[in-house]
Amino acid sequence: MTPHILTRSLDKSATVFLLIVAAIGILVPLSNLLLPETSPLQVPTYLMALFGKYLCYAILALSIDLIWGYCGILSLGHGAFFALGGYAMGMYLMRQIGSRGVYGNPLLPDFMVFLNYQKLPWYWLGFDMFWFAALMVLVVPGLLAFCFGWLAFRSRVTGVYLSIITQAMTYALLLAFFRNDFGFGGNNGLTDFKDILGFSVQAQGTRAVLFILSCVALAVAFLICRAIVTSKLGKVLVAIRDAESRTRFLGYRVESYKLFVFTLSACMAGVAGALYVPQVGIINPGEFAPGNSIEAVIWVAVGGRGTLIGAALGAVVVNYAKTAFTSGVLAPYWLFMLGALFILVTLLLPKGIVGTVKDWWERRREEQFETNAASAALEDGIAETRMAE
């Protein structure tokens, strides 16, 4: 990715978005670390971790918007890639516990000792090294997406059928990870993390660094998406979204384009899951629940499909509302409220919040331009009349 491509992909709104993310990534940790707890401007550690979780959700929303908003691939199983990235990081964090676990086994995690494992499963080998775990965060979701996409796109499975298959995929993974003999902690998942790269996960400074990394990852993911959608590749993706058969007739290998963007999107979701786990402190099979993937699609729809900024904004706004409404008397009705929000946005704001505002602003500029042009024409006419007199 050359600097020219990055510069070309950044318009005014994209630059403002990146500046806001950078400001949040700097000011929030500084407020948490430098200001006293008595200060009204101090951001508590629990709030910083909560905002960090929102940032991870924003990266997941970007990955969905890249394939849905610009390529027309509606995935209802992207939560699976998010969870796989989280499990890869969780496995590394579990290996770092060592003999400090409840059973004091220096090699086996506590749940394996409890289930009478005699040795560490082969697929856990290497996760005691951070670089290997970071590589698996990308490889595991990416490989699954590549294999799944290669089979689905070559068979020309599209539309609602593809959405149902992606949902079936994540549900199958949910059932598999729930099994105790699968080797990933069963229903309880992976938790009780101690260290990451030798630093305590619970330490205030570590949480600040994780928050900064989440902001950096969101900015990088946004830049990658912008570079793609503003390039020739992005124009082909939009053509596939709007008229796939015509694009194929023109000679483009539609399957290859869809496979590339689907795999890249899965890798982005995996990175989001990897950053999510140390900030939340747990990863369990519940992250594979199809409802989570559907909820992520709602974030994108609310914020604005095909806008990128709207997807990230929708993830933050909806999850903030979820946090606010699930802690009071409205908690039992949150899912009904979420469904009603999706219906209202679909009917009244089909382009989402950002898309609707963008259309309104463009119409206003066009009207202003027409008004100015009419005024200029009128003044020219008056001036010509006076000269003729």
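This text goes with the structure placed above it.
Values in this document were obtained by computation on a predicted structure and should not be read as measured data.

Trainee: Is there a simple way to explain the overall build of the chain in this structure?
Mentor: For the chain, the helix and strand inventory stands at 15 helices and four strands. The principal-axis extent of the C-alpha atoms belonging to the chain is close to 105 × 60 × 45 Å. Expressed as a percentage of its 389 residues, the buried residues of the chain come to 46%. Long-range contacts, defined here as pairs at least 24 residues apart, represent 77% of the contacts in the chain between residues at least 6 apart. By element, 67% of the accessible surface of the chain is carried by carbon and sulfur atoms, the whole surface being about 20,100 Å². Charge-centre separation for the chain: the mean point of 27 positive side chains lies 8 Å from the mean point of 22 negative side chains.

Trainee: What exactly am I supposed to notice about a nonpolar patch on the surface here?
Mentor: Residues L313, V317, F342, I343, L344, L347, L348, L349, I353, V357, W360 and W361 make up a contiguous nonpolar surface patch of about 1,100 Å² in total accessible area. Elements represented by at least two residues in the nonpolar patch include exactly α13 (309-325), α14 (334-348) and α15 (352-388). For the nonpolar patch, the leading source of residues is α14, giving five residues. Within the secondary structure, L349 sits in the loop between α14 and α15.

Trainee: I tried to follow the packing of aromatic side chains on my own but got confused; where do I start?
Mentor: Between two aromatic rings, the relevant description is the distance of the centres plus the angle of the planes. Taken as a whole, this structure holds 24 aromatic pairs when the rule is applied. Note on F127 and F132: the rings are 5.3 Å apart at their centroids and 85° apart in plane angle, and the pair reads as edge-to-face. With centroids separated by 5.9 Å and ring planes inclined at 90°, the aromatic side chains of W131 and F132 adopt a geometry described as edge-to-face. By relative accessible area, which is 54% here, W131 ends up exposed. Taken together, the ring pairs connect Y87, F111, W122, Y123, W124, F177, F182, F184 and F288 into an aromatic cluster.

Trainee: Looking at this structure, how should I read the nonpolar core?
Mentor: Soluble globular proteins tend to pack their nonpolar side chains together in the buried interior. In this structure, W124, L190 and F288 are the most contacted members of the largest nonpolar core, which totals 107 residues. Looking at this core element by element, the count peaks at 15 residues for helix α3 (residues 45-71). Residues within four places of W124 in sequence aside, it is in contact with M91, M94, R95, P109, F111, M112, G183, F184 and L190.

Trainee: Any chance you could explain the packing of helix α4 (residues 78-95) against helix α6 (residues 130-154) here in plain terms?
Mentor: A pair of packed helices can be characterised by two numbers: the angle between their axes and the separation between those axes. Here α4 crosses α6 at 160°, and the two axes come no closer than 9 Å. Regarding the angle of α4 to α6, the classification is roughly antiparallel. Where α4 crosses over α6, the two elements pack in a sense that is right-handed. Two secondary-structure elements touch here, α4 through F81, L84, G85, A88, M89 and Y92 and α6 through F130, A133, M136, V137, V140, P141, L144 and A145. Classifying every residue of the contact of α4 with α6 by side-chain character gives 13 nonpolar, one polar and no charged.

Trainee: Looking at this structure, how should I read the pattern of salt bridges?
Mentor: Note on pairing: side chains with opposite charge can pair once their charged atoms come close. Scanning all chains against the criterion turns up ten salt bridges. Across the pair D181 and R179 runs a salt bridge, and its minimum N-O distance is 2.9 Å. Here E295 and K322 are joined by a salt bridge, their closest N and O atoms 3.4 Å apart. Placement of E295 in helix α12 (residues 290-303) and of K322 in helix α13 is noted, with a sequence separation of 27 residues between them. With a relative accessible area of 9%, E295 lands in the buried category. For K322, a relative accessible area of 28% puts it in the partly exposed group. Each of R156, E244, R248, E255 and K258 takes part in a single network of salt bridges with overlapping partners.

Trainee: What should I look at first to understand the environment of C267 in this one?
Mentor: Position of C267 relative to the elements: it lies in helix α11 (residues 254-280). Contact partners of C267, with chain neighbours within four places excluded, come to L138 and G142.

Trainee: I tried to follow the side chain of E287 on my own but got confused; where do I start?
Mentor: Inspection of the secondary structure assignment puts E287 in the loop between β4 (282-283) and α12. There is a polar contact of 3.2 Å between the side chain of E287 and the side chain of Y276. Contacts of E287, omitting those with residues within four sequence positions, involve G79, F82, A83, Y276 and N292.

Quick notes on the rules
Residues numbered from 1 in each chain as written. Predicted model: local features only at pLDDT ≥ 70, side-chain atom pairs only at ≥ 80, totals over all residues. Heavy atoms only, no water. Helix = DSSP H or I, 4+ residues; strand = E, 2+ residues; numbered from the N terminus. Buried < 20%, exposed > 50% of the residue type's maximum accessible area, 1.4 Å probe, protein only. Contact = heavy atoms within 4.5 Å. Areas by Shrake-Rupley, 256 points an atom, 1.4 Å probe, with all protein chains shown as cover. Lys, Arg positive; Asp, Glu negative; His and termini not counted. Charge placed at Lys NZ, Arg CZ, Asp CG, Glu CD. Patch = residues over 30% accessible without salt bridge, like charges linked within 9 Å, V, L, I, M, F, W, Y side chains within 5 Å. Salt bridge = Lys/Arg side-chain N within 4 Å of Asp/Glu carboxyl O. Phe/Tyr/Trp six-rings, centres within 6.5 Å; stacked < 30°, edge-to-face > 60°. Core = buried A, V, L, I, M, F, W, Y, C linked by side-chain atoms within 4.5 Å. Axes fitted to C-alpha atoms, helices over the stretch in contact; angles between N-to-C directions. Parallel < 35°, antiparallel > 145°, perpendicular 65-115°, else oblique. Left-handed = near helix turned anticlockwise from the far one by under 90°. Nonpolar A, V, L, I, M, F, W, Y, C, P; charged D, E, K, R; others polar. Polar contact = N/O pair within 3.5 Å; in protein donor to acceptor, adjacent residues only side chain to side chain.

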